[in-house]
Amino acid sequence: MHPYLLHIHERPLTLIKFNHDGDFFLTCAKDGEVNLIRTETCERIGTYNPVGDKAGAVFAVDVTMDSTYVVTANADGKLVFYTFQGEQISVLNHGGVLKYVEWNQKPGAQNMVCTCNDKFKSNADGMIPNRIMVWQFDPPKRLLSIDDQLPMKATKVKWGAFDETLVSIFEEGTIIVWSSKTGEQLKLIQAHSSAITSLNFSEDRLLMITSSKDNTAKLWAMDEYEQIKEYKADRPLNDAAISPLYCSEQGAKMHVLLGGGQDAKDVTTTSAASGKFEALLWHMVYEEEIGTVKGHFGPINCLAWFRDGAGFVTGGEDGYVRVHHFDRDYFTNKKFE
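Residues numbered from 1 in each chain as written. Predicted model: local features only at pLDDT ≥ 70, side-chain atom pairs only at ≥ 80, totals over all residues. Heavy atoms only, no water.

### Considering the sheet that holds strand E23 (residues 226–232)
No. 1: One open sheet accounts for 4 strands, arranged E20-E21-E22-E23; its pairing is antiparallel. Taken across any chain shown, the strands that pair with only one partner, and hence form the sheet edges, are strand E20 (196–201) and E23. Ignoring which end each strand starts from, the neighbouring axes of this sheet average 20° apart.
No. 2: Strand direction decides the pairing type here: strand E22 (residues 216–221) and E23, joined by 6 bridges, are antiparallel. Bridge pairing in E23 links Lys218 to Glu230. (Pairing = 2+ DSSP bridges. Helix = DSSP H or I, 4+ residues; strand = E, 2+ residues; numbered from the N terminus. Axes fitted to C-alpha atoms, helices over the stretch in contact; angles between N-to-C directions.)

Below, the structure written as structure tokens:
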């Protein structure tokens, strides 16, 4: 398995996002760059840069299912909308430090984004509290704001199944599910004993995987919000994802991918070998490690499966993006079933 090494960012990666067809993926990082990369050849097609000043850090990016619009969440509190070709359409002055953004999931009617931001005090906007919001894209207007019930700052927020709920994760180790229409709290789960770093869904959004600094990842069934599986790794985890082939008719691959490593601030005091920066492949059902993939020189911040499950992409604290295409072996060998 030969990885493609893409040195397209100067600073730590924050998110990797595939489009719905899986022929492109987007990467964003704390250097303010947002890149569009072709999956097959791993060449960079273009970048998304706001008009005027260069963005500070970009914490999240998302693309619509028909690959028409791209939205980025910038640390300076602006939501920037682009066409897929890279032309800026509009800027929404959101306020606060934007941490995440995601389009809603209804095909052909993706006109809303959900966002979350950290509190921030500025001269222009005054005091902006921690909040979770839903915005309409065109014409731009605010549909929902959850701030007074918000106990602490949300790390990420995503749409639940059928856009009925918003699922948010917190540094206190809790998951909170909100109604996306009224903003009322539907469910609070004390999921992890340390900060939750990410949440990812299966294609139908009925399975969710969360990763945490407490060295575990957990698999949740979203109909009853109950924990089904727990994966106990030996390192703080920054991201986890479910293989898209977990329920395929032929050759199902019930695998999850975990990534993390020692916290960035402790890295300098230890050797690369003990930093545990490999990507981990675990069996989803048996809760056993299948294998590891070496690579990064720092913790893995984000990862994503190819849409066809034939490989994966990882982004690290070292600013590198590594694209791994699996060998034939992965699909034929009994070890990987």
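Having seen the model, we can carry on.
### Quick word on the nonpolar core
No. 1: Counting residues in each nonpolar core, the largest one holds 44 residues, and the members touching the most others are Leu79, Ile132 and Leu166.
No. 2: For Ile132, the contacting residues outside a window of four places in its chain are Thr115, Cys116, Leu144, Ser145, Ile146, Leu150, Ala154, Val157, Leu166, Ser168 and Trp178. (Core = buried A, V, L, I, M, F, W, Y, C linked by side-chain atoms within 4.5 Å. Buried < 20%, exposed > 50% of the residue type's maximum accessible area, 1.4 Å probe, protein only. Contact = heavy atoms within 4.5 Å.)

### Points about the packing of aromatic side chains
No. 1: Across all of its chains, the model carries 15 aromatic pairs by this definition.
No. 2: Ring centres 5.7 Å apart and planes at 40° place the aromatic pair Tyr330 and Phe336 in the tilted group. Phe336 matches Tyr330 in its accessibility class, with the two residues each being buried.
No. 3: Counting every residue linked through ring pairs, the aromatic cluster contains Trp305, Phe312, Phe326, Tyr330, Phe331 and Phe336.
No. 4: When the ring centre of Phe59 is taken as reference, the NZ or CZ atom of Lys99 above it lies at 5.1 Å.
No. 5: A cation over an aromatic ring shows up here: Lys253 above the ring of Tyr330, its NZ or CZ 5.0 Å from the ring centre. (Phe/Tyr/Trp six-rings, centres within 6.5 Å; stacked < 30°, edge-to-face > 60°. Lys NZ or Arg CZ within 6 Å of the ring centre and 35° of its normal.)

### Quick look at the sheet that holds strand E17 (residues 165–170)
No. 1: The sheet built from 4 strands is open, its strands ordered E16-E17-E18-E19 with antiparallel pairing. Every interior strand has two partners, whereas the edge strands, strand E16 (154–159) and strand E19 (185–190), have only one. Each adjacent strand pair in this sheet contributes to an overall mean axis angle of 20°, direction not counted.
No. 2: Direction of pairing for strand E18 (residues 174–179) relative to E19: antiparallel, over a ladder of 5 bridges. Directly across from Ile176, in E19, lies its bridge partner Leu188.

### Considerations on the side chain of Thr39
No. 1: The topology assignment puts Thr39 in the loop between strand E4 (34–38) and strand E5 (44–47).
No. 2: A distance of 3.4 Å separates the side chain of Thr39 from the backbone nitrogen of Phe24, its partner in a polar contact.
No. 3: Leaving out residues up to four positions away in the same chain, Thr39 has contacts with Phe18, Gly22, Asp23, Phe24, Phe25, Phe306 and His325. (Polar contact = N/O pair within 3.5 Å; in protein donor to acceptor, adjacent residues only side chain to side chain.)

### Focus on the environment of Ser122
No. 1: By the secondary structure assignment, Ser122 is in strand E12 (residues 120–122).
No. 2: With relative accessibility at 21%, the residue Ser122 sits in the partly exposed group.
No. 3: It is 38 Å that separates the C-alpha atoms of Ser122 and Lys218, two residues lying 96 residues apart in sequence.
No. 4: Reaching out from Ser122, the side chain makes a polar contact with the backbone nitrogen of Asp125 at a distance of 3.2 Å.

### Some thoughts on unusual backbone geometry
No. 1: For the peptide bond that leads from Asp138 to Pro139, omega is -5°, which places it in the cis range.
No. 2: Notably, Arg205 is not glycine yet its phi reads approximately 65°, a positive angle.
No. 3: Here Arg205 shows up in the loop between E20 and strand E21 (207–212).
No. 4: Given the relative accessible area of 13%, Arg205 is considered buried.
No. 5: Of note, Asn215 is a non-glycine position whose phi angle comes to about 75°, a positive value.
No. 6: Along the chain, Asn215 falls in the loop between E21 and E22.

### Comments concerning the side chain of His283
No. 1: Residue placement: His283 occurs in strand E26 (residues 279–283).
No. 2: The class for His283 is buried, based on a relative accessible area of 8%.
No. 3: Only 3.2 Å separates the side chain of His283 from the backbone nitrogen of Tyr286, close enough to count as a polar contact.
No. 4: Here Glu337 takes part through its backbone oxygen, which lies 3.4 Å from a polar atom of the side chain of His283.

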